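For reference, the chains in residue letters:
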Amino acid sequence: MSRLKGRFGNFLSRVTGTHYTHTAIVIDGKVCESTFPRAKCTPLTRYAAGKPWIIRYIPPGEPLTPAQTHGIRDYVRQNVGRRYGLKQFFNPNSRPNGRIYCSQFAHGALKSAGFQLPAKSWHTPDRLLHGSPIHQ
């Protein structure tokens, strides 16, 4: 989970109604996320360098099983390179256009690992965090 510092971060928080302004999945030493222009994975050691963010790492409450890790890896492999878009964030009932935003990406990765999440938990990073059994 992360929050962009400064005025723009405050603006994003007001618009989205969430404390955090971004979310990602950490797996295999990489931060995997959907961000403009496309979903990608960045080595953890380079991820936060020079970014104006406050980052909070939230580890799972219990170690992931091999099947859960495999599910996340598969999801990430299938979605890295997918274009970023916020259309469904602002209009969840709109027809999907193949694009994905950060909370959708993290939600999909967790669902692929077999975690039971509320259907609407992907709307914001905060809802994903509080709707997810992974950190409890």
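Structure first, text after, so check above.
Just so it is clear, the model here is predicted, and its values are computed rather than measured.

A. The arrangement of the packing of aromatic side chains in detail. Scanning all chains against the criterion turns up 2 aromatic pairs. Relative to Phe 105, the ring of Tyr 75 has its centre 5.6 Å away and its plane inclined at 65°; by these criteria the two rings are edge-to-face. Note that Tyr 75 is positioned in helix α3 (residues 66–79) and Phe 105 in helix α5 (residues 102–112), a separation of 30 residues in sequence. Like Tyr 75, the residue Phe 105 is buried in the burial classification.

B. Expanded view of the sheet that holds strand β2 (residues 25–27). With antiparallel pairing, the 3 strands of this open sheet are ordered in space as β2-β3-β4. If you trace the sheet from one side to the other, it starts and ends with β2 and β4 (39–43), each paired once. Across the sheet, the axes of successive neighbouring strands diverge by a mean angle of 25°, strand direction being ignored. On the sheet, α3 packs against β2, β3 (30–34) and β4 and is oriented at approximately 115° with respect to β2. Packing against the sheet, α5 makes contact with β2, β3 and β4, and its axis sits at approximately 120° to β3.

What counts and what doesn't
- Residues numbered from 1 in each chain as written.
- Predicted model: local features only at pLDDT ≥ 70, side-chain atom pairs only at ≥ 80, totals over all residues.
- Heavy atoms only, no water.
- Phe/Tyr/Trp six-rings, centres within 6.5 Å; stacked < 30°, edge-to-face > 60°.
- Helix = DSSP H or I, 4+ residues; strand = E, 2+ residues; numbered from the N terminus.
- Buried < 20%, exposed > 50% of the residue type's maximum accessible area, 1.4 Å probe, protein only.
- Pairing = 2+ DSSP bridges.
- Axes fitted to C-alpha atoms, helices over the stretch in contact; angles between N-to-C directions.
- Contact = heavy atoms within 4.5 Å.

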